[in-house]
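Summary of structural features
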Amino acid sequence: MKALRPERLIAQQVWHTALLNRAVVYLGLFVGLVVVYAVYTGWATFRKQNGLRTTYQQQARHDWLNNPDKHPHRMAHYGHFAFRPKPPLSMFDSGMESFLGSTLFLEAHKQNAVNFSEAGFSTGMLRFGEISLALVLQLLLPLLIFFLGFGSIASERETGTLKIVLSQGISWRQLIVGKSLGLIRLMLTLFIPIMLVAAVLWLTGQAGVVSADQVVRFGLLALAYGLYLSMCCVGAVLVSAVSASANVALVRLIGLWLMFTIVLPRASQALGSALFAAPSKVAFFDRIQDDVLKQGDSHNPNDPHYRALKDSLLAVYRIDSVEQLPFNYSGFIMAEGEKISATLYNRHYDELLAIYDRQNQFSRAMAFLNPFMAIKNLSMALSGTDYASFVDFGRQAEQYRYDLAQTMNELQIRSISNRKPGPADKPAVIDRKHWEDVPEFRYTALDVGPVLACQTISLLAFLFWGLALVYLIRKLSKTLRAV
Amino acid sequence: MILLAVKNFVRSGGVRIGLLFLLVAGLASLLVGHQFLNRQQTAVADARAFQQKDFRRSAAVHSHELGLLLYYLKFSLVNETSPLSGLSIGQRDVNASVQSVTIRALEGQKYDADLTNPTNQLLGNLDFSFVLIYLFPLLIIAFTYNIISEEKESGTWRIVAVQSNNLLRFVGQLFLIRLLTLLGLLLILLALAVPLLGIAPDASFGLFLATSVLYVLFWFGVSVWVASLQQRSSVNAMLLLGIWLGLVVVLPAIVNTYITTRYPVPEALATTLAQRKGYHEKWDMDRTQTMTRFYAHYPQFKHNPVPDSGFSWLWYYAMQQLGDDESATQADELKARLLQREAASRTIARFIPTLHTQLQLNDLARSGLGNQLRFLDYTSRFHEKKRLYFYPKLINNAPVSAERWDAFPVETFTDRAPVGYVGVLAPLLLFILGLAGFGWVNLSRSVYRL
Amino acid sequence: MLQAIELTKQYTPNRQTIPALNALNLRVQPGDIYCLLGQNGAGKTTTINLFLGFLEPTSGQALVGGMNVTDHLSETRRLLAYLPETVMLYPNLTGLENLRFFSSLAGFHYSTDELAGFLTTAGLQASAHTSRVGKYSKGMRQKVGIAIALAKRARVLLLDEPTSGLDPKAANEFSDILRRLSADGAAILMATHDIFRAREVGTHIGIMRAGRLVETLTTPDLTAQELEAIYLQTV
């Protein structure tokens, strides 16, 4: 307590001078208005979208169950829908949500695309960004901090008061720490209310039951943003300390802000996607089809793979035509086909994801040069609005699709006769009670553990920036001059 | 004197670095555009090659059953990529430029998403329109925020004011030097783009150029107006930056959020569900009923009989057709909703020059939502054309071998929707005249005082 | 050439009225060197700013060449040359370039030799002419300022503590320049703290206090000691 005294005095002075500035109050109000708007739209979008998705998910299930007695393969083609639920923290950070599809049609033989992203229906405005609390915290608050902090030391140098302060026996380290603490206190007056609002939103998004996983996520978010913004405060003071005049400090800080938030993210991503070309959609599915055909074409009666399969079946059962088999042959063939195509699809899809991952590696590694990327990626991941969560949804849905198709194949193998029914026969259908056998699709969000594992780089970058700032404070404390 | 003013401008700290930065960013954006166009071409070439290969292969495998063959065949349609879209990629990286549809129900295929890496889209393209809309204003601000104020702060203004015979003209010249420098850079970039991206110097490009120039002028208008308020340099800088932040980050984000919440598109989900149900439930319904409704849609085939019991491809495609017919209401609502979005964005954008410029550049480059909607419309017509071509053959049980499957080239949709000059340029012009005029009047009143 | 008639300037920050200049009357004829003395805040610089038109008077008139400054801003400025206490120039241009720039602003297009002549007359050594002003000392900038004033061939000179920052030798040379200019018929108004130089170079002396001209003297009548005594009594 006693050791901190001069720092406290300096911090208090930062606080008082800032509040005397009317522009600061207006800026704070402006940020407040943006926050209110972000909260309202975040909440409204979440409620509306999830309401819609739940409704349609239920309707799709209802449609499924309401099918009459049918041939199981008809049901495999009837298929099901998976509607991606919005995670509760998407109200806080919408992340990639708008660029990710919401609706996936699950049917036999075919891996469909997740359709209907907001971006696909957008006029191009979306590219300017979306209002969310995360945007306020990532972009606007740092800028506000820079506006508040650019003069913290530089203007004292300009007016000459710096010499007087230092001649009173204050060390550079005390000065930098004190000014930083003052700025951090100013920052907290905006940050704490924003996080409280976010907490209320987050609670309303959970319908009463708050899981431990969600608590960890929210806690980590609050911690990460607190750290990020504190780093911005220290950074502002350091830049101000090394600048000859307040104007120079302002220009430098704004330049840094622009590079960090606008230019570098795009540039690094442009580099990544320039170096690693992803296949076009046609080429992607073409290659899968080629590989599937290499393994065997179930539609081609002369295909060697299926011919061999057929021959071995005939040999095992000591029969001479598949009609004599005790189970449904075409169901058996389709189960085999589904297995082959799903395996190959997953392999190609993993390869595609690996390409995307390589495209993203620059902007991910950029976190070490650019703390904005670190917080952006970490925040998206914790909010469950990043690509990893989306891919996880896709995998669960694909697993569901595969199980659904194979369940239907299994039903066909067991319950459908091998002989085509004649006009007078009972049609080849099974009882509709079997539709209940397929459980409803339910997406379970990733646990926070694997999410954090994907964000090792962001976490390391945070650590790096923290250490770098401490190092800079120590180093500059020795080398800085008053004039 | 102008020469010395230029010298003074060029020698001042950061100007050369700033110009170099903008030039590098501009060149990088052209390369990004070049690569984008290349990838589009590859995608189209892939589609062509695949269609040729796959048609031949499938026709050989399913040589005895036209209905089965058509179940698999995907007819590709290309949304022509204008070279200008290399400058303004717009929505082209989200919306696929190649559609591949079978003659089965369309609604389930029409909105198929492209394969994309959403991180690319989230962080945004570094295309020319980004350099123009985001970075040019920043340099304009950096070059002009202190035009009078810094001279006042450093003290040269007192001598300038006493020496100058026409102070207003002097201030005008300072702005002009910076304007011409930046316009020069803009023109160099666009001139380089012409051969690099293979842009035809046509009316669209002319309008693209004019919009870009007016956008730069708009920001000069803003800076003249701010200079006319005669504040300190740091106040000017914050004011200009605040305007930039408002126009480039905050307002567009607010408007976007407003539009998406004001015009949600639940119809998209409704359409898909209705289409699935509409088609599948026909399997369990009386086929006469299905065929009657099919013939009601296409009276030209009415004289054909209802296929008798057992599987029939005509019946199958009739069921598919009804899937589309029964989701038509939702599909129309979806389309109407998207048109509303487009119209509302356009109206609001008139008052926000950054948005207006982006939307207009996208329009000119055929990379906006309007183009996508027209492409979807054309996809429907294309799909219908294919159906009408094949339905009679299915009815007549035409053999697969009767068709020359090589003779189905990938079709190309060329968007020829007109873009009005007045609508593009007038909002920007009004802003420029208003700001610069207002600023100039202010300046002529205040410039002589200290 | 220069005339102030009941010239008054009041500042009203926060609704308080602070009189900076109170009913000033003075007249500077061609050939006169009128020195204004007074403590900081006495109103010397305000007077000069009013003649320059940088400020508008609350009441009264500032006339240059018989024209009211408020109504004929650019015409009166054309007659004036001005030398501030601290001459600030464009640091990225050389001394010569600055002089060329400011002269051409006023409509004078001199050859390089002529410009160099002005700089030399103002006391700037030739080797400094072509180096950037960013490296100049205050005195060197002051000399470029003098050259700018000279090059304008103005009928009226307004000088705001022009010799501050000049070394004694340069200040002496500056006094010579002023005498020559006044001999050529220029009207010179100079605000200064330097009592001795004022007596030495000035033809008239006015002492100001709290916005008023409280004493006017003509120099041939008195010695430096007398002037100092009067100054200390008055302020």
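Data block above holds the structure.
Being a predicted model, the structure only gives us computed values, none of them experimental.

**So, the nonpolar core**
Residues I145 of chain A together with A147 and I188 of chain C are the most contacted members of the largest nonpolar core, which totals 290 residues. Core analysis: the next-biggest nonpolar cluster, separate from the first, contains 36 residues, A43, V78, Y317 and Y391 of chain B among them.

**Focus on the interface of chain B and chain A**
On the chain A side, the residues contacting the 74 residues of chain B number 71 residues. Only α2 (15–61), β2 (98–101), α5 (118–123), α6 (128–144), α11 (233–262), α12 (266–280), α15 (328–349) and α16 (353–364) of chain B provide two or more residues apiece to the side of chain B that touches chain A. No other element matches the 17 residues that α11 of chain B contributes to the side of chain B that touches chain A. A class-by-class count of the residues in the side of chain B that touches chain A yields 41 nonpolar, 26 polar and 7 charged.

**Structural notes on the arrangement of the chains**
The structure contains 2 pairs of chains in contact, of which chains A and B account for the largest number of contacts. One finds no contact linking chain A with chain C; the least C-alpha distance across the pair is 15 Å.

**Re the pairing of strand β8 (residues 187–191) of chain C**
Residues and elements named next belong to chain C. With 5 of 5 residues buried, β8 is to be regarded as a mostly interior element. The alternating pattern of β8 places A187, L189 and A191 and I188 and M190 on opposite faces, both of which are buried. With 4 bridges joining them, strand β3 (residues 33–38) and β8 adopt parallel strand pairing. Within β8, the residue paired with L36 across the bridge is A191. Summarising the sheet, strand β7 (residues 156–160) and β8 pair through 5 bridges and their orientation is parallel. Along β8, the bridge assignment pairs L159 with M190. As a crossover connection, the stretch from β7 through helix α6 (residues 168–183) into β8 is right-handed.

**Observations regarding the sheet that holds β7 of chain C**
Residue and element names in this part refer to chain C. The 6 strands lie next to each other as β6-β7-β8-β3-β9-β10, forming an open sheet whose pairing is mixed. The open sheet has two edge strands with one neighbour each: β6 (80–83) and β10 (212–218). With direction set aside, neighbouring strand axes in the sheet form an average angle of 15 degrees. Contacts from helix α8 (residues 224–234) reach β3, β9 (204–209) and β10 within the one sheet, and its direction differs from that of β9 by about 20 degrees.

**Observations regarding the interface of chain B and chain C**
Residue-level contacts link 20 residues of chain B with 29 residues of chain C. Counting residues per element, the ones that place at least two in the side of chain B that touches chain C are α1 (2–11) and α8 (156–163) of chain B.

**Notes on unusual backbone geometry**
Residues and elements named next belong to chain C. Its identity as a non-glycine residue notwithstanding, R153 has a phi of 50 degrees, on the positive side. Here R153 is to be found in the loop between α5 (138–151) and β7. Note on R153: 13 C-beta atoms within 10 Å, which makes it partly exposed. The phi dihedral of A210 is positive, around 50 degrees, even though this residue is not glycine. Residue placement: A210 occurs in the loop between β9 and β10. Residue A210 is classed as partly exposed on the basis of its 15 C-beta neighbours within 10 Å.

**Notes on the packing of α2 of chain B against helix α9 (residues 167–197) of chain B**
Residue and element names in this part refer to chain B. Contact pair α2 / α9: the axes reach a minimum separation of 10 Å and the direction vectors enclose 20 degrees. Classified by the angle between their axes, α2 and α9 sit roughly parallel to one another. When the axes of α2 and α9 are compared, the crossing they make is right-handed. The segment α2 lies against α9, with L19, L22, L23, G26, L30, G33, H34 and L37 engaging L185, L189, L192, A193, L196 and L197. Looking at the contact of α2 with α9 residue by residue, the classes come out as 11 nonpolar, 3 polar and no charged.

**So, the environment of A222 of chain A**
Residues and elements named next belong to chain A. Following the sequence through the fold, A222 ends up in helix α8 (residues 212–242). A222 sits in the partly exposed class, given 18 other C-beta atoms within 10 Å. Spatially, the C-alpha atoms of A222 and A199 are 9.5 Å apart, while their sequence positions differ by 23 residues.

**Section: α12 of chain B**
Counted at 1.5 Å a residue, the expected span for α12 of chain B with its 15 residues is 21 Å, and the 22 Å between its end C-alpha atoms agrees. Burial analysis of α12 of chain B places 11 of its 15 residues in the buried class, the great majority of the element. Buried residues along α12 of chain B sit against α2 (22–65) and β2 (103–107) of chain A together with α4 (107–110), α14 (313–326) and α15 of chain B.

**Comments concerning the pairing of β9 of chain C**
Sheet faces and side chains relate simply in a regular strand, where the side chains alternate between the two faces. All names here are of chain C. Looking at chain direction, β3 and β9 are connected through 5 bridges and run parallel. Considered in β9, the bridge of Y34 is made with H204. In the sheet, β9 pairs with β10 via 6 bridges, with the strands oriented antiparallel. Of the residues in β10, the one forming a bridge with M208 is L213. Between β9 and β10, which pair antiparallel one after the other, the connecting turn spans 2 residues, and A210 there sits at a positive phi close to 50 degrees.

Quick notes on the rules
Position numbers for residues start from 1 in each chain and track the written sequence from start to end. Chains carry letters from A onward and ligands carry numbers from 1 onward, assigned in written order. Predicted model: local features are reported for residues with pLDDT of at least 70 only, side-chain atom pairs are reported and counted for 80 or more only, and whole-chain, interface and lining totals are derived from all residues. Each nonpolar core reported here comprises buried Ala, Val, Leu, Ile, Met, Phe, Trp, Tyr and Cys residues connected via C-beta atoms within 7 Å. Working definition of burial: number of other C-beta atoms within 10 Å of the residue's own, with buried at 20 or more, exposed at 12 or fewer, and partly exposed in between, all C-beta atoms being placed from the backbone. Working definition of a contact: two residues with C-beta atoms, positioned from the backbone, lying within 7 Å. Under the scheme used here, helices are H or I runs from DSSP no shorter than 4 residues and strands are E runs no shorter than 2 residues, and both carry numbers assigned from the N terminus. Polar here means any residue other than Ala, Val, Leu, Ile, Met, Phe, Trp, Tyr, Cys and Pro, which are nonpolar, and Asp, Glu, Lys and Arg, which are charged; Gly is therefore polar. At least two bridges found by DSSP between two strands are what make those strands a pair. Handedness of a crossover is defined as follows: orient the strands so they point away from the viewer, and if the path from the first strand over the helix to the second runs clockwise, the crossover is right-handed. Inter-axis angles, ranging from 0 to 180 degrees, are taken between N-to-C directions of lines fitted to C-alpha atoms, where helices are fitted over the stretch in contact. When an angle is under 35 degrees it counts as roughly parallel; over 145 it counts as roughly antiparallel; between 65 and 115 it counts as roughly perpendicular; any other value is oblique. By definition, turning the near helix anticlockwise from the far helix through less than a right angle yields a left-handed crossing, and turning it clockwise yields a right-handed one. One fewer than the residue count of a helix, multiplied by 1.5 Å, yields its expected span.

By themselves, these are just geometric observations and shouldn't be taken as functional.
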